Amino acid sequence: AVKAGIIDPPEPGKEGFVQDAYTPNSKCFGCGPANAEGLQLKSKRVSGGLEALLSIPQKYCAFPGIVNGGVISTLMDCHGNWTAAIALMDKAGLPMPPLTLTSSVFIS
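Definitions and limits used
Residues numbered from 1 in each chain as written. Predicted model: local features only at pLDDT ≥ 70, side-chain atom pairs only at ≥ 80, totals over all residues. Heavy atoms only, no water. Helix = DSSP H or I, 4+ residues; strand = E, 2+ residues; numbered from the N terminus. Buried < 20%, exposed > 50% of the residue type's maximum accessible area, 1.4 Å probe, protein only. Contact = heavy atoms within 4.5 Å. Areas by Shrake-Rupley, 256 points an atom, 1.4 Å probe, with all protein chains shown as cover. Polar contact = N/O pair within 3.5 Å; in protein donor to acceptor, adjacent residues only side chain to side chain. pLDDT = per-residue confidence, 0-100.

Trainee: Help me out: how do you make sense of the overall build of the protein in this one?
Mentor: Broken down by element type, the protein carries 2 helices and 4 strands. The order of α-helices and β-strands along the protein, N terminus first, is α-β-β-β-β-α. Taken across its 108 residues, the protein has 28% of its residues classed as buried. Counting only contacts in the protein whose residues sit at least 6 apart along the sequence, the fraction spanning at least 24 positions is 40%. Carbon and sulfur atoms provide 60% of the accessible area of the protein, an area that totals close to 6,700 Å².

Trainee: Would you mind going over the side chain of N35 with me for this structure?
Mentor: Considering the arrangement of structural elements, one finds N35 in the loop between α1 (18-22) and β1 (42-46). Note on N35: relative accessible area 16%, which makes it buried. In this view, N35 contacts S26, K27, C28, F29 and Q40; residues no more than four positions away in its chain are not counted.

Trainee: Can you help me understand the side chain of S43 in this one?
Mentor: Tracing the backbone shows S43 in strand β1. Here H79 takes part through its side chain, which lies 3.0 Å from a polar atom of the side chain of S43. With residues up to four places along the chain from it excluded, the contact list for S43 reads G16, F17, V18, Q19, L50, E51, A52 and H79.

Trainee: Looking at this structure, I do not really get the confidence of the model for the protein. What am I missing?
Mentor: Detailed reading of the predicted model is not advised wherever pLDDT is low. Here the protein averages 88 in pLDDT, while 90% of its residues score no lower than 70. Between residues 1-5, whose pLDDT stays under 50, and residues either more than four places distant or in other chains, the model counts 10 contacts.

Structure follows, in structure tokens:
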């Protein structure tokens, strides 16, 4: 969106939630601001990386108080990708985060 001139790139460190700042029209189930039915993960800068904020609705729990494993994996995928993308953007001095994709996830 930034590259296409749809939005102006925010000043690094002052963008609020990175999902809203860089991909406001994303419909990603985990972190897309434009997906009202999604999880609405919000990540913001903190010292040394990003911090994720969200509240998981009961409808995504396998049992009372136990979040579905697929939902947890989705959240880890989204937050991990945003953390990597912001770090790469900052390191390279880019105006927007590059596309990052998860190649594998291992949870033990």
